[in-house]
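Fold and contact review
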Amino acid sequence: MQAAYLSAGMKIGITCPSGYVAHSRIEQALHLLHAQGYATVVGKTIGLGAHYFAGTDEERLADLQAMMDDPSIHAIWMGRGGYGMSRIIDQIDFSKFLKHPKWICGFSDITVLHSHIQAHFGIPTMHSLMCGSVAADNWEKEPVQSFLNALQGKPLRYEMPAHAMNVLGQTEAPLVGGNLAILAHLTGSSSQIDTKDKILFIEDIGEHVYQIDRMLYTLQRSGQLSQLKGLLVGSFTDIEDTERPFGQSVQEVIWDKVAGYGYPVCFNMPCGHQYDNRALRLECPMNKLLLKIKRCFLVFKLIRFPSSL
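My aim in this report is to walk through the structure given alongside it, one point at a time. For every chain, the first residue of the written sequence is number 1, and numbering continues from 1 along that sequence. For this predicted model, a pLDDT threshold of at least 70 governs which residues receive local features, and a threshold of 80 or more governs which side-chain atom pairs are given and counted, while totals over whole chains, interfaces and linings are taken from all residues. Working from all heavy atoms in the structure, the side-chain values ignore hydrogens and water.

Glancing now at the overall build of the protein. Scanning the protein from N- to C-terminus turns up eight helices and 14 strands. For 309 residues, the compact-globule estimate of 2.2 N^0.38 gives 19 Å, and the protein sits close to it at 18 Å. Dimensions of the protein, computed from the C-alpha atoms along their principal axes, are close to 45 × 40 × 40 Å. Relative accessibility decides the category of a residue: with a 1.4 Å probe and only protein chains considered, values under 20% of the type maximum give buried, values over 50% give exposed, and everything between is partly exposed. Within the protein, the fraction of its 309 residues that count as buried is 54%. Considering only residue pairs separated by 6 or more positions, the protein has 79% of its internal contacts joining residues 24 or more positions apart. Where accessible areas are quoted, they stem from the Shrake-Rupley method and a 1.4 Å probe; at the residue level, only the protein chains shown are allowed to cover. Carbon and sulfur atoms form 49% of the exposed surface of the protein, whose accessible area is close to 12,500 Å². Secondary structure elements are taken from DSSP: a helix is a run of H or I of four residues or more, a strand is a run of E of two residues or more, and numbering for both begins at the N terminus. Throughout, radius of gyration means the C-alpha value; the globule benchmark is 2.2 Å times the number of residues raised to the power 0.38. In what follows, a contact means two residues having at least one pair of non-hydrogen atoms within 4.5 Å.

What follows is about helix α4 (residues 111-120). Most of α4 is tucked away, with eight of its ten residues classed as buried. Along α4, the residues that are buried comprise Thr 111, Val 112, Leu 113, His 114, Ser 115, His 116, Ile 117 and Gln 118. Positive phi appears at Gly 122, one or two residues downstream of α4, with a value of about 65 degrees.

As a further point, take the state of the cysteines. When two cysteine sulfur atoms lie within 2.5 Å, the pair is treated as a disulfide. Applying the stated criterion across every chain yields a total of zero disulfides. Lacking any disulfide linkage, Cys 16 is separated from the closest cysteine sulfur, that of Cys 131, by 8.7 Å. A relative accessible area of 0% means that Cys 16 is categorised as buried.

A pair of strands is considered paired only if DSSP assigns at least 2 bridges between the two. The strand order across the open sheet built from six strands is β2-β1-β3-β4-β5-β12, with neighbouring strands paired in mixed fashion. Looking along the sheet, the strands with just one partner apiece sit at the ends: β2 (39-42) and β12 (280-282). The mean angle between the axes of side-by-side strands here comes to 25 degrees, regardless of whether they run parallel or antiparallel. Where helices are involved, their axes are fitted lines through C-alpha atoms of the stretch in contact, as for all axes, and angles between N-to-C directions lie from 0 to 180°.

The phi torsion at His 51 lies on the positive side, around 60 degrees, for a residue other than glycine. By the secondary structure assignment, His 51 is in the loop between β2 and α2 (57-69).

Let us look at the sheet that holds strand β10 (residues 230-237). Spatial ordering of the open sheet is given by β8-β9-β10-β11, a layout of four strands whose pairing is parallel. Of all strands in the sheet, those bounded by a partner on one side alone are β8 (175-179) and β11 (265-266). Here β8 runs beside strand β9 (residues 199-205); their pairing, made up of five bridges, is parallel. Paired with Gly 177 across the strands is Phe 201, a residue of β9.

Once that is clear, we can look at helix α1 (residues 27-35). Residues of α1 that are buried: Ala 29, Leu 30, Leu 32 and Leu 33. Angular distribution of buried residues about the axis of α1 spans 160 degrees; they occupy a single face of the element. Where α1 is buried, its residues contact β1 (11-15), β2, β3 (73-78) and α5 (142-151). A positive phi of about 90 degrees marks Gly 37, the residue just after α1. Think of the arc as the fan of directions from the helix axis to the C-beta atoms.

This is the structure:
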């Protein structure tokens, strides 16, 4: 079961189930979607504030629920992330969403929703930039174009320079994951993803090196790293060290946890909290995800799969 790919005339809803976002931050995203021929509906949480959040828990839940229940909406694109999905995830009713699946698009705190949907229903979602990242001068840039291509079901192929710590190999499997702090936070909850025989993607921002180490130990000790088919490491931006240095880089911390398992590991994936945040389709059951890691470059290819099972 999965959502249909989008074509002109289909409707995209925009909501913010986590942190506050001003309406002005989504205006370019609206212009972009309209230029592509999509209809849009803007949720009540855009521009709505309740301290840090885009409205109260009840307001954010109601706005997201309305869009998930609406069969005329084919994709839900988040205004921004931040924090807040964990406060409402257990109150969401997925019954109508299951009858009319739609693409859930976003990243960072939206990893909670991605993971919950994949843990319970196995329905594909999309790790992508959010509305607040669209600007007048980046419509033709790779992050925006990859998002549009992913929505339309086009193949995704990414090449980037290889990292010295890459573990060479080739694998095919569904892709899961997202923000590392969120994945660690969900461990032991009903939203924890099943990583067995999957390719795991991780990224993060604003953490200390020792915190990254601790999060990875959480995944390792809970068995989430041992039976992977591969690991993709996205951007780890604004990472800090302690006054007394931890003694390893983030890349070394990650490599130490997974190199012994023998599956392919790729660093430098252009996804995460950075300008070059390209789209990834998560948990695609009939998708052929081809990950080739070579000595000089990585080829990541996501081939189109049927729009319905």
